[in-house]
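Letter by letter, the chains look like this.
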Amino acid sequence: MEPTRTITVAHSPDSDDAFMFYALAEGKIDTEGLTYIHQLQDIETLNQRARKQELEVTAVSIHAFAYLADHYALLPHGASMGDKYGPRVVGRMKRGPDAIKGARIAVPGPLTSAYLALRLFEPDFEAVFVPFDEIEDAVLDGTVDLGLLIHEGQLTFGERGLHMALDLGVWWHEETELPLPLGGNVIRKDLGPDLISVISRHLRESIAYGLTHRRAALDHAMKYARGLDRGQADTFVGMYVNEWTLDYGDAGRAAVQLFLQRGTDAGLIPHTVNVEFAE
């Protein structure tokens, strides 16, 4: 391996991803001569860039992986799983899940897992694609009937007077008894098995370091917490960086395959997806 090889690692500017990549970003682990360059962009931008094969290693939505599987493998770690919680549909008034049918709903991008999950729950609604951090505003100003929240908004919507109509993670668990697979890290297959193995180990070590040095990793993550106080940020990180993140395990892998197969069966994904994990 060349001693000065540079690898680009892309992830979203969110507290959970920042926590996950803290050790790698701050030089806390031995990277064995590899230099990692971090690029931070919102998840839908990363999904679209991965479709163009621009990124060597990146966080993506599990939904997006359906269109990436020819060129990327899922790393066995780095998952964001909604274990009986997940993206939330909110509105200005107290309403139930029946409000979704036929509604005009702000959603955070066509390749997000939240969007696929909502279509699986109720295919009949009008999607309005809005940047994830503008969805609450679109609901509050009446541009849309409802909004589909990902990231920190899942915790803070009540502070803005919004009400939850549906938690997709709860629904998915009731349907399948599995966690809802939302995000993962992928690696481009053309890097080759030897380099993939080394990078995979470094990323797993970074996640493990954050979990065992939680206070320092949370200090780092707070730079990306977008208005959360420390307690909220700690809760949010705990939701999406946990034992599922260190390894999908059998249940997590089954959840990914089932989620994408349900998308195919519903005609929302135009082909069957071969889910391949790097080892």
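Before reading on, note that the structure itself is shown above.
Presented here is a report on the structure given in the accompanying data block. Every value quoted in this text rests on a predicted model; they were computed, and no experiment measured them.

## Let's talk about the sheet that holds strand β9 (residues 146-149)
Right, on to step 1. Read from one edge to the other, the open sheet built from five strands follows the order β8-β7-β9-β6-β10, with strand pairing classed as mixed. Both outer strands of the open sheet, β8 (126-129) and β10 (163-167), are each paired with one neighbouring strand and no more. Within the sheet, the average angular offset between the axes of one strand and its neighbour, ignoring direction, is 30°.
Right, on to step 2. Against the sheet, helix α8 (residues 168-176) touches β9 and β10, its axis set at about 30° to β10.

## Thoughts on the packing of aromatic side chains
Right, on to step 1. Taken as a whole, this structure holds nine aromatic pairs when the rule is applied.
Right, on to step 2. Relative to Tyr 240, the ring of Tyr 85 lies with its centre 5.8 Å away and its plane at 75°, an arrangement referred to as edge-to-face. Of the two residues, Tyr 85 sits in the loop between β5 (80-82) and β6 (88-91) while Tyr 240 sits in helix α11 (residues 230-240), which places them 155 residues apart along the sequence.
Right, on to step 3. Of the residues examined, Tyr 85 reaches a relative accessible area of 17% and is grouped as buried.
Right, on to step 4. Centre to centre, the rings of Trp 172 and Phe 259 are 5.5 Å apart; their planes meet at 85°, and the pair counts as edge-to-face. Pair noted here: Trp 172 is in helix α8 and Phe 259 is in helix α13 (residues 249-265), with a separation of 87 residues, a long-range link.

## So, the pattern of salt bridges
Right, on to step 1. What the rule picks out here adds up to 13 salt bridges.
Right, on to step 2. Note that Arg 88 is salt-bridged to Asp 167, the shortest N-O span being 2.9 Å. Of this pair, Arg 88 sits in strand β6 while Asp 167 sits in strand β10; the two residues are 79 residues apart in sequence, bridging distant segments of the chain. Pair check on accessibility: Arg 88 and Asp 167 agree, each one buried.
Right, on to step 3. Here Lys 189 makes a salt bridge to Glu 276, at a shortest N to O gap of 2.9 Å. Of this pair, Lys 189 sits in the loop between β11 (180-188) and α9 (193-212) while Glu 276 is found in the segment after α13, placing the two residues 87 residues apart along the sequence.
Right, on to step 4. The exposure class of Glu 276 is partly exposed, given its relative accessible area of 33%.
Right, on to step 5. Salt bridges sharing common partners tie together Glu 136, Asp 137 and Arg 160.

The rules behind the values
Residues numbered from 1 in each chain as written. Predicted model: local features only at pLDDT ≥ 70, side-chain atom pairs only at ≥ 80, totals over all residues. Heavy atoms only, no water. Pairing = 2+ DSSP bridges. Helix = DSSP H or I, 4+ residues; strand = E, 2+ residues; numbered from the N terminus. Axes fitted to C-alpha atoms, helices over the stretch in contact; angles between N-to-C directions. Contact = heavy atoms within 4.5 Å. Phe/Tyr/Trp six-rings, centres within 6.5 Å; stacked < 30°, edge-to-face > 60°. Buried < 20%, exposed > 50% of the residue type's maximum accessible area, 1.4 Å probe, protein only. Salt bridge = Lys/Arg side-chain N within 4 Å of Asp/Glu carboxyl O.

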